[in-house]
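Descriptive structure summary
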Amino acid sequence: EDQVTQSPEALRLQEGESSSLNCSYTVSGLRGLFWYRQDPGKGPEFLFTLYSAGEEKEKERLKATLTKKESFLHITAPKPEDSATYLCAVQADKIIFGKGTRLHILP
Amino acid sequence: EAQVTQNPRYLITVTGKKLTVTCSQNMNHEYMSWYRQDPGLGLRQIYYSMNVEVTDKGDVPEGYKVSRKEKRNFPLILESPSPNQTSLYFCASSRQFYSYEQYFGPGTRLTVT
């Protein structure tokens, strides 16, 4: 059965404290892995798409990487405005979302 | 501005009273879908439409209907809402189904009493 698991469920960091969020998946025929950011009460906002193992994408303090079994979203020197829920989605014959990681950056 | 719009944004209704949540996109996207988001359950797909001619069920279609009469609009219909349909609903669109990111609307918070 296709599955997407994100960890940790929640993460609290001090401003400037770098860390990584994990998205592990089991799916046949991966067509893309997507990262989204979601602020409370708002729709998810697209961040990155990764298509094949070894691929990396960067945007400001965020960097996404992909292996055959998992993806990491690395956040470097985070700021309070990076606080949000980060969602991972995997696409094969269907799209499956993980339950997200709630990230809270303390000033 | 490229966007997905949903209306209404907030709705409180009573059990059994038919309602429609509208969704419209201005990006000429082929693929559109509806999700519901509940605490602890994440985003779950209700229905999707690959293009104007193809619409299919997602993971949680019971109690919902959709139609795709034109490319830009994809309304979600609740014929007889029940309290277990109280949720936050999102419409999304993408250029095509495969390999393209989705753009989400602002959400509709529905409460059924």
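Scroll up for the structure.
Definitions and limits used
Numbers given to residues run from 1 along each chain, matching the order in which its sequence is written. Numbering of ligands from 1 and lettering of chains from A proceed in the order in which they are written. This being a predicted model, a pLDDT of at least 70 is required before a residue's local features are given, and a value of 80 or more before pairs of side-chain atoms are given or counted; all residues contribute to the totals for chains, interfaces and linings. Only hydrogens and water are removed before side-chain values are computed, so all heavy atoms of the structure are retained for them. What makes two strands pair is DSSP finding at least two bridges between them. Helix and strand definitions here come from DSSP, where helices need a minimum of 4 consecutive H or I residues and strands a minimum of 2 consecutive E residues; each element is numbered from the N-terminal end. Lines are fitted to the C-alpha atoms to define the axes, a helix being fitted only along its stretch in contact, and any angle between axes, read from their N-to-C directions, falls within 0 to 180 degrees. In the sections that follow, a salt bridge refers to a side-chain nitrogen of Lys or Arg positioned within 4 Å of a carboxyl oxygen of Asp or Glu. Whether a residue is buried, partly exposed or exposed follows from its accessible area with a 1.4 Å probe, protein chains only, as a fraction of its type maximum: under 20%, in between, or over 50%, in that order. Definition of nonpolar core: a set of buried residues of the types Ala, Val, Leu, Ile, Met, Phe, Trp, Tyr and Cys, connected through side-chain atoms within 4.5 Å. Should any heavy atoms of two residues lie within 4.5 Å, those residues are considered in contact. Disulfides are defined as cysteine sulfur pairs within 2.5 Å. Cavity: a set of points on a 1 Å grid over the protein atoms alone where a 1.4 Å probe fits but cannot get out. Pocket: an open set with protein on both sides within 12 Å along at least five of seven lines, its lining residues, like those of a cavity, having an atom within 4 Å of a point. Grid points are joined across faces, edges and corners, and a volume is the space filled by probe spheres set on the points.

Residue and element names in this part refer to chain A. With antiparallel pairing, the 5 strands of this open sheet are ordered in space as β1-β3-β8-β7-β6. In the strand order of this sheet, the two ends are held by β1 (3–7) and β6 (56–59), each with one partner. Shown here is a sheet whose adjacent strand axes are inclined to one another by a mean of 15°, direction ignored.

Time to look at the pattern of salt bridges. Under the counting rule described, the total for this entry stands at 10 salt bridges over all chains. Among the ionic pairs, K63 of chain A bridges to E56 of chain A, the shortest N-O distance being 3.3 Å. The exposure class of K63 of chain A is partly exposed, given its relative accessible area of 27%. What makes E56 of chain A partly exposed here is its relative accessible area of 47%. Among the ionic pairs, R61 of chain A bridges to D82 of chain A, the shortest N-O distance being 2.8 Å. Of the two residues, R61 of chain A is situated in the loop between β6 and β7 (62–66) and D82 of chain A in the loop between β8 (70–75) and β9 (84–91); the sequence distance between them amounts to 21 residues. You can call R61 of chain A partly exposed: its relative accessible area is 21%. Among the ionic contacts, a cluster of salt bridges with common partners joins K18, K65 and E79 of chain B.

Attention now moves to the nonpolar core. All names here are of chain A. Of all hydrophobic cores here, the largest spans 25 residues; its most connected members are L33, W35, L73 and Y86. Elements that contribute at least two residues to this core include exactly β2 (10–14), β3 (19–26), β4 (32–38), β5 (45–50), β7, β8, β9 and β11 (101–106). Ignoring any residue separated from it by four or fewer positions in sequence, one finds L33 in contact with C23, Y25, F48, T49, L50, L66, S71, C88, A89 and V90.

Once that is clear, we can look at the state of the cysteines. Residue and element names in this part refer to chain B. For the coordinates displayed, the defined rule picks out 2 disulfides over all chains. Through a disulfide, C23 is tied to C91; the S-S separation comes to 1.8 Å. Linking C23 and C91, the disulfide has an S-S dihedral of approximately -70° and is accordingly described as left-handed. Residue C23 is located in strand β3 (residues 19–25), and its partner C91 is located in strand β9 (residues 87–94); the two are separated by 68 residues in the primary sequence. Here C23 matches C91 in class, with each residue buried.

This brings us to the layout of surface pockets. Looking at the largest pocket, its volume works out to about 500 Å³. Q38, T85 and R102 of chain A together with Q37 and P39 of chain B are, among the 21 residues lining the largest pocket, the residues nearest its centre. Elements represented by at least two residues in the lining of the largest pocket include exactly β9 and β11 of chain A together with β4 (31–38) and β5 (42–51) of chain B. Residue contributions to the lining of the largest pocket peak at 3 residues, all from β9 of chain A.

Treat this as a map of the structure, not an account of what it does.
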